[in-house]
There are 2 protein chains.
Amino acid sequence: MFGGERAASEELLERFLDAAACGDLALVTSLLSNAPSLLNRAGTNGWTALMLAARNGHHGLVGALLQHGCDKSLLNRSSQSAFDVAKFWGHTHICRLLLRPDPSLDPDQLSSTPVSQEGKRWIPPQSPHETYFSAEPLDRLSAKRPDQDWVRSRLKGPQTVILLFHRLSPMMRDQDGDQEGESSAMQSRLCRFSHKEVEDLLERPGSVLVFLGVERRRPPPSAADGEPRAWFALGLDSESEEELLKRSCEKHSRFAQNAHRDLLRLSEEEAGVVAQARSVLAWHSRYSHCSTCGSVSRVEEAGHKRSCESQACISHKGVHNTCYPRVDPVVIMLVVHPDQSQVLLGRKKVFPSGMFSCLAGFIEPGECVEAAVRREVQEESGVLVGPVWYVCSQPWPMPSSLMIGCLTVAMTTEINVDQEEIEEAQWFTRQQVVDSLLGGPRAAFTVPPRQTIAHQLLRHWTGLSANL
Amino acid sequence: MFGGERAASEELLERFLDAAACGDLALVTSLLSNAPSLLNRAGTNGWTALMLAARNGHHGLVGALLQHGCDKSLLNRSSQSAFDVAKFWGHTHICRLLLRPDPSLDPDQLSSTPVSQEGKRWIPPQSPHETYFSAEPLDRLSAKRPDQDWVRSRLKGPQTVILLFHRLSPMMRDQDGDQEGESSAMQSRLCRFSHKEVEDLLERPGSVLVFLGVERRRPPPSAADGEPRAWFALGLDSESEEELLKRSCEKHSRFAQNAHRDLLRLSEEEAGVVAQARSVLAWHSRYSHCSTCGSVSRVEEAGHKRSCESQACISHKGVHNTCYPRVDPVVIMLVVHPDQSQVLLGRKKVFPSGMFSCLAGFIEPGECVEAAVRREVQEESGVLVGPVWYVCSQPWPMPSSLMIGCLTVAMTTEINVDQEEIEEAQWFTRQQVVDSLLGGPRAAFTVPPRQTIAHQLLRHWTGLSANL
C-alpha cells in the first residue's frame, strides 16, 4: 500500500469508528457496504466498532454489527472484549445481545416481538443473571395473592411444585446430571413435591405455605390443565427432619445444613426461587406477633402478609410495614485507591482464615445509598471516600437482605480499623486481586465465592481500566 | 484562513478533543500551551473538551481545564452543559468540581487535603445534595450509641440541640430569614431546644430519645466544651400539642400538620436531619413489642435498638433484624418509550387532581433492584421493560422508605392499567414533560414537587438525549 492509500484507509477507518462511537447506524452501514473489511478493524487503542458501540450503549448498532458477522471475541489493549466493556458501563441489554448464540437473529425482535404469538406471555430474552439469587424464573403474580380460591386451585394443580423447608433449609439432593440438560457446574437440586405428596403437612400446626409464582415458560403440551406450573414453599419447623425426608423417593435427599454453603450449590434459577422462599419464611419465623400490640398475627395473602389477630390494634387502620415482609437494604462497596491500582478489603473475625472481602453494612433510616457507602467505609476502615457508583444488586436470603453493590474512590488512604466491625483491612494491588481470583499458589488471600456480589465487584474492578 | 490552514486547525482541534475524551492530561496540556484558543472550541456536535472530559469521568482533566479558565457555561447542540453531561453519567465528583465557585482552586486538593490541619475532622467538599432528605450534616457516630455515659454527657452539652416531635411531626416555625444566611427559598425551620428547656419531658412515659449525631462542622471558638454540637430527637405522643408549644419562645411555632407538605419546606440540611429522626421515631411508634414473642421491648443504644424484655425470647441469641429499625427499599422508575421521545407516567387515586408521577413499588424479598423495576412496571401498567439504569436514591421518611430511582426502557407500549394500584397511566412527550416542569398555562399535567425523586428523574430525562 502506498503512503497516500494508507492515509486514505486510516481516515476511512477513523470515520467508521467515530460513526460507531456516535451510534450513527446509517453511516456505519454505508461505510461497511463500500469497505466490508472495516468490520473488525481496530483503532490505535485496539478498540473495534463493536466495542465503541457497546461502550456508548448503542443497542441497535451493536445488533447491526453482529448481523454483519463481526468478531465479538476481539480484545482491546486492556484485554477487554465488547462484552466486558458493555458490562462495565452497565448496558445489560447490550450484554444480552452479545451473549446470544445466533447473531443472525434480528435485534429489533427484542422490541417488536417480546410477546409470543400464542399465549400473550412474555418470554424474557435469554440473559445471564447479573448476580446469584437474583434470577426470576417465576412470575410472582402478586395481584393474585388475595384471591384464596385461585391460590387453592393452583395449589392442587397437577403440575404444581411444592418445596419443603425445615427450619428455613430447603430439601435438596445431590445432582445426578440427568435432568433437563443443566450444566455440570451445578451440584445440588431442590426436591420437588406434588400437592398429594405433602397434603397432610399443610394442616400441621405452625406450617406456613407461601405462593411463589408461576413459571414464565409456557406449559408443556402435556400439561393437564394448560396452566403454567405454580410453585409453593412449605415451611415446617416442628416436624423431624427424618420424617420429612422419608417422603422423598430420591436418593441422597437432605436438608441444607449450612445455608451459606449449601444454597450456593443450586442452579441460578433454583437459587432465585429459594431467595424469595427463604426470605419470606424467615420473616414468618421471626414476626409471628404484631410488633405494635404484641398479639399473635395470622398469615394472609398466600403467605405474603400477616395481620394482627386483635381487632382493637391500630395496625388495622391504614397500611403499615408491620404487616409485610422485611427487606433490609445493605451497601457493599469496593473502595478503589486514589491511584486506582489498589483496592481496600477487610476481614471479619468470622471469616474463614485468609479470606478478605468488600466492606459492607446496613443502610440506616434517613440515608441514601451514597451516604451509607461513605459512612460505612469511614466507620469500618477510617478511610474517607468521594464519588460512588452503583454497579449491581443481589438479594441475599440470610435472612432477607438486598445487597446494593457499589464502587467508590478513596480520598484518604490511611487505614484505621474499627476492631468491633472488622479485624483487619488492607490495600491489595490489581495483581494480587487477579491472582486471588484465579486461586492457586500465587493467591495473596482468599476471595469470597463467585456467587457473592463481593466476588463480582472484584471481578468487575479487575476488568476496569483507564482505557474503558 | 486558507484551506490548508483550516484543515490543519481542524485536525489540531480533533486531536485536542480526542485527548480530552481519553483523559490524556499530558497531551491536552501540551496542545493548550501551543494553541490556547483550543480551550473553548467545540467539535462538530457542539462538544467542548470540558464536556468530553466530564462525559468520560476524567476528574483530573476537568480540574485542569477549569484551571485554564475554560467556559463551563457552554452548551452542546442538545443544550447540555458539561455539568448536565457529568450529572447524567453519574460522575458526581465532577459535578462538584464544576459547581465550585473558585476555579483556581487546585483540584488535587480534593484528594490531598480532605482532612483539616487542626481537628482531623473531615470537611466534605461543597456539593449539591443529590436528592431532598439525603443531606447528612451530622456524623452519626454509630459506634458511640452503646456508650450510655458518653450519650448522657452529650445530651447535657451546652450547645446540644434537641428537636421535639409530637406524633412524628417536628416542631417548626415560619422562616424569618434572619438566621445564618440561608437562602430565601426556605420557608420553615426546626425549633431547637436545649437540654434544660426540655429536661422534664425526657422522663414522661412513652417519650423516646434518639441520638442523631454531631455536627461535622468544627465547633465555634465560643463553644464551652470545645466539642462538636450534638443533636437529639425527642418523640412525645401523649402530651398535648399546646403544652409543648408553650415551651417555644419563638412566634408561629407549630407542629407539622401534613408531613408530606410541611416537611418539604425545610432547608436541605434540616430535611436530612428530619429524615433520620422521623424514620427512627416512626419505627418506635409501631415496633414497641417483640415481633418474635409479643413481649414489650425496651429502647437501647441511644434510640437505635429495641430489645425484648423477656429473657426467654430467642431474639436474645444472635443478631436479628427484629431489633433494628426498618428501612423499606422501593424502586421508582421513569419508563422511557422505545422511541425515546416519550415517558410513561401514572396517577394514583390519592394524587391531587391532574398530577402524574413515576411508577413505583416496594422491592420484595428475593428481588434485585432490576427485577423489582421490571415486575412493578408490568404489574401497574402492563408495559414490559428491558434495561434498567440506577440514577440516584432518596430516603423518604414517611415512614421509612429508601427510594431507589432508575431509568428503564420499554419493550412494549400498550398500556393496561391495574386499577388497584393506579387509576390511569399515559405516555407523555418530551415537550409535555418540559412544559409541565416549567408549570404555567401550557402544562399538560402537574409534576410532583421538586423535592421528590420523581421530579428529579423527570428533570434528568429531559436533559438526556441521543447526544449524551
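In case you missed it, the structure is sitting above this.
Here the structure is a predicted model, which is why all the values come from computation and not from measurement.

Draft legend 1. Up close: the interface of chain B and chain A. Listed by partner, the interface residues are 68 residues for chain B and 70 residues for chain A. Contact between chain B and chain A buries roughly 6300 Å² in total, counting both sides, with carbon and sulfur atoms accounting for 55%. Our count for the contact surface shared by chain B and chain A stands at six salt bridges. One salt bridge connects B:Arg140 with A:Glu364, and the closest N-O pair in it is separated by 2.9 Å. Secondary structure elements with two or more residues in the side of chain B that touches chain A: helix 6 (92-99), helix 7 (109-112), helix 12 (268-286), strand 10 (328-336), helix 13 (369-381), strand 13 (385-396) and strand 14 (401-410) of chain B. It is strand 13 of chain B that contributes the most residues to the side of chain B that touches chain A, seven residues altogether. By residue class, the composition of the side of chain B that touches chain A is 30 nonpolar, 23 polar and 15 charged.

Draft legend 2. Here's a closer look at the relation of the copies chain B and chain A. Expressed as a screw transformation, the operator carrying chain B onto chain A has a rotation angle of 180° and an axial translation of 0.1 Å, and the superposed copies differ by an RMSD of 0.2 Å. Taken together, the turn and the small shift mark the pair as related by a two-fold rotation axis. Among all residues of chain B, the one whose C-alpha sits closest to the rotation axis is B:Gly294, at a distance of 2.0 Å. A shared interface surface links the copies, since 100% of the contact residues of chain B are contact residues in chain A too.

Draft legend 3. Spotlight on the packing of aromatic side chains. In total, this model carries 15 aromatic pairs over all chains according to the counting rule given. Aromatic side chains B:Phe211 and B:Phe232 sit 5.3 Å apart centroid to centroid with 55° between the ring planes, which places their arrangement in the tilted category. On the criterion of sequence distance, the pair formed by B:Phe211 in strand 5 (residues 208-215) and B:Phe232 in strand 6 (residues 230-236) is long-range, its members being 21 residues apart. Assigned by exposure class, B:Phe211 and B:Phe232 land together as buried. Taken together, the ring pairs connect A:Tyr132, A:Phe133 and A:Trp396 into an aromatic cluster. Sitting over the face of the ring of A:Trp461, A:Arg430 holds its NZ or CZ atom 4.4 Å from the ring centroid.

The rules behind these values
- Residues numbered from 1 in each chain as written.
- Chains lettered and ligands numbered in written order.
- Predicted model: local features only at pLDDT ≥ 70, side-chain atom pairs only at ≥ 80, totals over all residues.
- Heavy atoms only, no water.
- Contact = heavy atoms within 4.5 Å.
- Buried area = accessible area lost by both parts, 1.4 Å probe.
- Salt bridge = Lys/Arg side-chain N within 4 Å of Asp/Glu carboxyl O.
- Helix = DSSP H or I, 4+ residues; strand = E, 2+ residues; numbered from the N terminus.
- Nonpolar A, V, L, I, M, F, W, Y, C, P; charged D, E, K, R; others polar.
- Least-squares fit on C-alpha atoms with pLDDT ≥ 70 in both.
- Phe/Tyr/Trp six-rings, centres within 6.5 Å; stacked < 30°, edge-to-face > 60°.
- Buried < 20%, exposed > 50% of the residue type's maximum accessible area, 1.4 Å probe, protein only.
- Lys NZ or Arg CZ within 6 Å of the ring centre and 35° of its normal.

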